[in-house]
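# Coordinate inspection notes
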Amino acid sequence: MIVYILITYGGIMIFLLRGVVNYLPSKDVGIVHIVICCLLMLSSLGSFLSLLSTDPGRIYKKNVKALQKKYPYDDLLFENTECKTCKMPKVARSKHCALCNMCVEKQDHHCVWINGCVGAKNYRYFLWFLISHAIMCIDIAFITAYIYKEIIKVNKLFETQFVNYRTKEVFKATWGIVTQWLIMMFPDLLFVLVLCLAMGVALSFFFIFHLTLVRRNQTTNESNKQSDMLYSFERQITKRKKAIEDLESENAKPQAEKSRESKEDKKNAKEAKGNKESIKEKIKRIESEIVDIEKKIKALDKDFYSKGFKQNLIEILYPNKCSHHILIHLLDLWGFGAVSYTHLRAHETSLHLVCRLLLEKKKKKKK
């Protein structure tokens, strides 16, 4: 987190004090563009603070049963087991973070930039964090390039002659000489330009990767577990196929060759036939195991938790759609009847639910 603050906001201060204050606005970069860039900086700061201050979805003994109903077990990636550290049922899609020392609902990963977990409750802020920083970095990189252009224009570098202090030789300005001068005189701005360009591209690809996870309603943790499990299944299939090949080659050997290899086969021909039958049974058993593994691979590829991109996105943007037990009891006391979590629509929070039910009650009275 300290590294993030130093690099990000240190770079922004260099960009503003060394570049924007001295060389902007210009013909290429006007005041509107500078204001937009400042708004992007504020958006990035807001996403960082929101991500930092929001609970990722800590699982307690009080809410573990409700979360077990919310997230069903697929019996592949997640099974109904107990968390050995927290000593309570392990909710599907959750993970115990050793660094945070807690189980996190729908845990995505442990983010080093905030020194905390990204889970069900703050994943939306993480997406905001990625896209706002990606756009900000790319925008700063382009503005810094225009600042360099303005420096060349203000100092009339291509009309200036450059002198080698050692040899006293005079050179006419070329792109190579001007670039060297800019690097020597403004290395801090070059650092900002290269860093922002690299981070902007990297964060853009990272954001696209997370959008693919949203489409499948997967977390980074689940994606990694799925990849590891698929790799494990493929290895198991490869081993079993090799075992079948070995058994078939052994079964295909002529009886004479077998008699040379084994003294028991010479004594008893019936035993050799029994061996053939046992080999065939082994092959059938291994083939059935391969079929079972292939079924598991197909089940993994089905995206068990996906509800469609739109519904997946709503689930991320409104993680608190399942209201608190207190609200449900209050609604029951206020005369709304038996209200359960199923009454909540996909986009609704607790406040939305109360307002909607009040309006519905008024309409019924009018009728």
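Everything numeric here is computed off the predicted structure, so don't read it as measured data.

Conventions used here
Residues numbered from 1 in each chain as written. Predicted model: local features only at pLDDT ≥ 70, side-chain atom pairs only at ≥ 80, totals over all residues. Heavy atoms only, no water. Salt bridge = Lys/Arg side-chain N within 4 Å of Asp/Glu carboxyl O. Helix = DSSP H or I, 4+ residues; strand = E, 2+ residues; numbered from the N terminus. Buried < 20%, exposed > 50% of the residue type's maximum accessible area, 1.4 Å probe, protein only. Contact = heavy atoms within 4.5 Å. Patch = residues over 30% accessible without salt bridge, like charges linked within 9 Å, V, L, I, M, F, W, Y side chains within 5 Å. Areas by Shrake-Rupley, 256 points an atom, 1.4 Å probe, with all protein chains shown as cover.

This structure, assessed with the given rule, holds ten salt bridges. Taking the shortest distance from any N to any O, the salt bridge between Arg 93 and Glu 222 comes out at 2.6 Å. Placement of the pair is Arg 93 in the loop between strand 2 (88–89) and strand 3 (95–97) and Glu 222 in helix 7 (residues 220–251), with a sequence separation of 129 residues. For Asp 246, the salt bridge goes to Lys 242, with nearest N and O atoms at 3.8 Å.

On to helix 11 (residues 309–317). Regarding helix 11, the residues found buried are Asn 312, Ile 314, Glu 315 and Ile 316. Residues of helix 11 that are buried sit in contact with helix 4 (123–154) and helix 6 (187–216).

Turning to a nonpolar patch on the surface, a few remarks are in order. A grouping of Met 1, Ile 5, Ile 31, Val 35, Leu 39, Leu 42, Leu 45, Leu 49 and Leu 52 is seen on the molecular surface, where their side chains present a nonpolar patch of about 780 Å² in accessible area. Looking at which element gives the most residues to the nonpolar patch, the answer is helix 2 (residues 31–53), with seven residues. Following the sequence through the fold, Leu 45 ends up in helix 2.

Mapping Gln 107 onto the fold places it in the loop between strand 4 (102–104) and strand 5 (109–111). In this structure Gln 107 touches Arg 93, Ser 94, Lys 95, Cys 97, Cys 117, Val 118, Gly 119, Thr 219 and Asn 221, once residues within four positions along its chain are discounted.

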